[in-house]
Structures are given as C-alpha cells and as structure tokens.
Amino acid sequence: MSIAIIGSGFSGLGAAIRLDEAGHRDFLVFERGNDVGGTWRDNTYPGAACDVPSHLYSYSFALNPDWTRSFSAQPEIEDYLRGVAQRANVLDRHVFGCEVRRTAWNPEKSHWELATAKGGYTADILIAGFGSLAEPSLPAIPGIESFAAAGGDLFHSAQWNHDTDLAGKRVAVIGTGASAIQIVPAIVDRVTHLGVYQRTAPWLLPRFDRAFTAPERWAFRNVPGYLRLARAGIYAGRETQVVGLAKNPNLMKGFELLSRAKIRREIKDPELRRRVTPNFRIGCKRMLISNDWYPALDRDHVDLITDGIQEIDGRRIVTADGTVREVDALVVATGFHVTDSPMFDTVCGADGASLTQKFADKGMRAYKGTTIAGYPNMFVLVGPNTGLGHSSMVYMIESQINYVVDAVTTMRRRGLRTVEVKQHALDSYNDRLQKALDGSVWMNGKCASWYLDAHGNNTTLWPDFTFRFRRQTRRFDIDAYETAPA
Ligand code: N01
C-alpha cells in the first residue's frame, strides 16, 4: 500500500475517488465505522438535516438531481454518500471497523507506520480525513457520571441511543447549537416535559426548506445545465455573506434585524423573547436556521433554563439558582472537540511529536490548511482554517483534494520520495491568515465560539471568499516544499 487514507466521510471518500480517477489506485481507506458517511453516518439524532442546500452540499463530480428537498435530511445524505462510493468502485479498498490508533513517520524508512485495530500497516503517503466534528465533547458538569448510574438515559447528540424511547419521559437537552435546535422540535411532541439548558442564545434565521416538485426534479435530471445553474446560484448567494462576516461586520445588521423580527413573530411571551435574544453580534457564532425552534420553546411543557448547571446529582439537575429538576433522560448536544481533537494525540511526526504537542504553543496551523512542517508526506483534509460558517464544506474539501491529488501526481512524475512544507512558508501563510481574520466578526463579535482555540486564535475558519481558497489549492506549489528523491 502506498497511500493511507484515514476516514471515509466526505473528505476521505472524496480523496479516494479522485485519486482513483487520477490513476493513483494504490490506497487503502481505514474507517473506524462500518460504512462510509462520517459525520452523516454518525449523527442520526431526530431532526438531523443539513443547513446548506443539498445541490451545493454534494460533490461537484457527483451531482444529484434526485435530492427530494432543498435542505436534505441526514438519511438522504448518508444514502447519497453510500451510492457515490458504490458507483465509484472504491469500496474494495476500504477497511471498515478499523480504527487507526497511532500513526508515526519513520524518518529512516521515510514512510508512515500505522497501528490499527486490524494490525500494522505502512504507507508512503498519509491523508488524514478524520474530520473536525467527529469527536463528541461531553460537558464537565460535576456529578454527570451519577446520572446513568441512577438509571437515567444519557447520550451525546452524535451518539443517539435509538433504543431509548423518549415517549412520556421528562427530558433535558443541554446546549442550543446547530444540533440542539434540530433535536428539540423533533422530540417535543413525544415527551412529557422538556428542559432546554441554554448557556448562550444563538442567532436564528428562517429556514427556506421545501420539497422539490416533480417537474423541478425532472428538470434537474433532463434540462442540460439546469442543475449546475441552480448550484451556482446557491453558491453565489452564500458567498456574498463573506463580505459581512470576514470583512465588514456592520453589514451583518440586516441579518440581525431579520432575526429579531423572527423572535417577535414566533414567541408570544416577552420574558422568553428576552432570554432567547443573543448578546453578541450576529455571525460571531454560527448563524442557525430553523422555523420550529422558537415555537417549540414557547410550548407549555417546555422550559428554557438559562441558569447555569451547578451539578447533577443522580437523576436531578441542580442549577445555580438552587432549583432542582428531576429528569429521566439527558441529551448532551454540546458539540465536538475541534481545536483539541483527541485524534491529534495519535499522529506523530518526524521528531516523534504528536500533533497535540505540535499545536500546543500556537494552536492548529498548516500550510493551505493541508500540510504541516515536520510531518512529511502528510495531507490533512478539513485542516486548520478551512472551515466555513456560511457555505458548503464540500466545496472546501474538494479544493483540498485537488491540491492533494496534484501533490501525489507531482511526486510520482518527479520521482520524489518525500515532500515537506518549509517552515517559513507555513509561518508566512498563517501570519497572512491571522491578519485577514483581524477584522472579522468571529474575532470582534464578543462571543465565545468553537471557532476559537484556547489561545483565542481563530484556527478553524477560512477568512475569505471560498473561490480564493479554490484558486490557491488548484496546483501543488512544490516551491514551498523541501523534497527528497526516491
Ligand atoms: O455543537 P455546538 P453542535 N454547559 O458546539 C453548549 C455542525 N452542525 O453539535 O454556546 C452548558 O455548536 C454550547 O453553549 P455555548 C455545525 O458546523 C451542522 O450543535 O458554548 N452548555 C452550545 O449551545 C455546528 O456549528 C448541522 O455557550 C454547553 C452547544 O452546547 C457544529 O456542527 C447540524 C456546555 C454546543 O453547540 C457543532 O454543532 C449540527 C456546557 N458545559 C451540527 N458545553 C447542520 O448542518 C457546550 N454547551 C444542520
């Protein structure tokens, strides 16, 4: 095996398909789950759906005229990925149920050594497609471990326990992020009582979701160029948000007015309106879209609890104001380890340092979000500063894949054994990035978000138009790399 790919979500699977098309067929994809799909396989919580329109949230090389809705639900996206993998004939080079436990560069042999659940492997090139929203983050609430011990059902949104029947139960949901705002409306009719524990109120915009009509779907399939045109329209519309988010946050005012009007329209109770109104600038945290979140909070058997959780004592949740609430099931929709992924502990470079150690001083940094000095022949997909809050991650992933495929082609054409990004190229790239982020709403919007790391640096988001990222990743720029011949 020459190329090892970790993970088979949108990024790892996409890399496998594009490498195969380019004639680089000597890869293996190591996937800890039992199927492709990544986050869209794992997040099966009630109401799970994408908040980017389907025609943009799909591979450009595998457009899907058959999306049933403008914003697809999770099962449809998972099916889509499975179908794409089957049609591309890459499943024969997948090793499922195979967690990669450790990956280390061997400087003497100039290859990667992988310790996996199914034994040891070596590879010349490593493509890390383990994703950034893959490792659930559990809240460190004192006593939380006593909840399950007392017979309560507790699970993270990304690890939904479908054996638990919430019907007739008193349920608590911790978190009010993108996952929670989909879960709460989806379960509200089933439960006896729902307590929603909010630490920070999110900004919400309308969700323009609808089923495509039969004539539309016929046209997507049969009218030449129609599908691409629809996709281009969505792309352009989304891209305009970059101006406000990254360059001039004052331009976000219109979104804020829209969001405030939505609160007034959808919530009757003035006190509840006050508590759902965010206290930071719109866009600083991911803007959420929903038409049924506020109406769900306004229901009689739903309480929005804004006092912080002090402790959990068996089945009782105790908040800072001293109130004790007993619940039967607890859903933690508290997000993911993004800038501190446990996967970083498992990847070790030329000097033996793990990515966790590498990132300890300055946070996650990579060249073009993809390559890291000290980690030869390694390419990270959905790497540092490649994330988006407003448009399709699949577009960014495909840009990175272009870069990686061209890197592999270049290495093979020139007979190179190793490529390793030069430290100064990486440093100056990141200096420019951080400067570009200075004026963004993510840095100045007065919020705490998962976009920022422990140092207060934004090491997750791309601060510019996405076509600029596409342009800079179109070709592998070998001049930025130290190379060694085979
Ligand atoms: O996680 P989050 P998510 N005590 O980190 C709260 C993508 N996604 O799973 O805001 C109490 O956004 C936390 O509070 P605060 C998307 O990129 C996409 O919802 O930090 N509360 C917050 O309210 C998204 O951004 C889709 O104060 C605690 C919530 O938990 C990303 O995934 C759907 C807490 C976490 O929100 C993550 O979304 C779902 C604590 N100790 C996800 N710790 C779609 O495409 C955290 N919180 C639709």
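Each value, and the rule that gives it
- Residues numbered from 1 in each chain as written.
- Predicted model: local features only at pLDDT ≥ 70, side-chain atom pairs only at ≥ 80, totals over all residues.
- Heavy atoms only, no water.
- UniProt positions renumbered as here; feature names shortened; annotations may be inferred.
- Pairing = 2+ DSSP bridges.
- Helix = DSSP H or I, 4+ residues; strand = E, 2+ residues; numbered from the N terminus.
- Axes fitted to C-alpha atoms, helices over the stretch in contact; angles between N-to-C directions.
- Contact = heavy atoms within 4.5 Å.
- Disulfide = S-S within 2.5 Å.
- Core = buried A, V, L, I, M, F, W, Y, C linked by side-chain atoms within 4.5 Å.
- Buried < 20%, exposed > 50% of the residue type's maximum accessible area, 1.4 Å probe, protein only.
- Near = heavy atom within 4 Å.
- Polar contact = N/O pair within 3.5 Å; in protein donor to acceptor, adjacent residues only side chain to side chain.
- Areas by Shrake-Rupley, 256 points an atom, 1.4 Å probe, with all protein chains shown as cover.
- Nonpolar A, V, L, I, M, F, W, Y, C, P; charged D, E, K, R; others polar.
- Domains from an automatic or database assignment.
- Patch = residues over 30% accessible without salt bridge, like charges linked within 9 Å, V, L, I, M, F, W, Y side chains within 5 Å.
- Salt bridge = Lys/Arg side-chain N within 4 Å of Asp/Glu carboxyl O.
- Lys, Arg positive; Asp, Glu negative; His and termini not counted.
- Charge placed at Lys NZ, Arg CZ, Asp CG, Glu CD.
- Parallel < 35°, antiparallel > 145°, perpendicular 65-115°, else oblique.
- Left-handed = near helix turned anticlockwise from the far one by under 90°.

For the protein, an unreviewed UniProt entry supplies the name NAD(P)/FAD-dependent oxidoreductase and the organism Mycolicibacterium arseniciresistens. Per UniProt, the protein carries the Sequence similarities (unreviewed entry) text "Belongs to the FAD-binding monooxygenase family."

**A closer look at the sheet that holds strand β13 (residues 302-305)**
Ordered by their spatial adjacency, 5 strands build an open sheet running β8-β17-β9-β10-β13, and the pairing between neighbours is parallel. Unpaired on one side and paired on the other, β8 (153-156) and β13 mark the two borders of the sheet. In this sheet, adjacent strand axes meet at a mean angle of 15° when their direction is disregarded. Pairing between strand β9 (residues 170-174) and strand β17 (residues 329-332): 4 bridges, direction parallel. Note on β17: the bridge partner recorded for Ala 172 is Leu 330. Each of β9, β10 (193-197) and β17 touches helix α5 (residues 180-187); the most contacted strand, β9, lies at about 165° to it.

**Let's talk about the side chain of Gln 400**
Within the secondary structure, Gln 400 sits in helix α13 (residues 393-414). Sequence-distant contacts of Gln 400, that is, excluding residues within four places in its chain, are made with Lys 368, Gly 369, Thr 370, Val 380, Leu 381, Val 382, Gly 383, Thr 386, Phe 469 and Thr 473.

**A word on the state of the cysteines**
Taken as a whole and judged by the stated rule, the model has 1 disulfide. Free cysteine Cys 98: the closest other cysteine sulfur is in Cys 348, separated by 18 Å.

**Some details on the nonpolar core**
Nonpolar side chains in soluble globular proteins tend to be buried together. Residues Ile 5, Phe 10, Tyr 59, Ile 127 and Tyr 367 are the most contacted members of the largest nonpolar core, which totals 62 residues. Take this core: its biggest share by element is 12 residues, from α13. Sequence-distant contacts of Tyr 59, defined by excluding residues within four places in its chain, comprise Gly 9, Phe 10, Leu 13, Gly 14, Tyr 80, Leu 81, Val 84, Arg 231, Val 394 and Glu 398. If you look at the next biggest cluster of nonpolar residues, it comprises 31 residues, including Tyr 45, Val 188, Leu 272 and Ala 296.

**A look at the site of the ligand**
Near the ligand there are 22 residues, and of these Ala 49, Thr 176, Ser 179, Thr 200 and Lys 285 occur at the shortest range. At 2.6 Å from an oxygen atom of the ligand is found a side-chain nitrogen or oxygen belonging to Ser 179. Here the ligand loses 83% of its free accessible area of 910 Å² to cover by the protein chains. Classifying every residue of the shell around the ligand gives 10 nonpolar, 8 polar and 4 charged. There are two domains that each give the shell around the ligand at least three residues, and those are domain 1 (3-134 + 338-485) and domain 2 (145-208 + 243-332).

**Some thoughts on a positive patch on the surface**
Taken together, Arg 413, Arg 414, Arg 471, Arg 474 and Arg 475 make up a surface patch of like positive charges. Assignment of secondary structure puts Arg 414 in helix α13. Judged by relative accessible area, which is 51%, Arg 414 ranks as exposed.

**Details of the sheet that holds strand β5 (residues 111-116)**
Across a sheet, strands are paired by hydrogen bonds formed along the backbone, either parallel or antiparallel in direction. Taken in spatial order, the 4 strands of this open sheet run β6-β5-β4-β18, and their pairing is mixed. Among the strands making up the open sheet, the edge pair consists of β6 (119-123) and β18 (347-348).

**Some words on the packing of helix α1 (residues 10-21) against helix α3 (residues 74-87)**
Where α1 contacts α3, the axes come no closer than 11 Å and their chain directions differ by 20°. Judged by the inter-axis angle, α1 sits roughly parallel to α3. For α1 against α3, the interelement crossing comes out left-handed. Note on element contacts: α3 touches α1 through Ile 77, Tyr 80, Leu 81, Val 84 and Ala 85, opposite Phe 10, Leu 13 and Ile 17. Of the residues assigned to the contact of α1 with α3, the class counts are 8 nonpolar, no polar and no charged.

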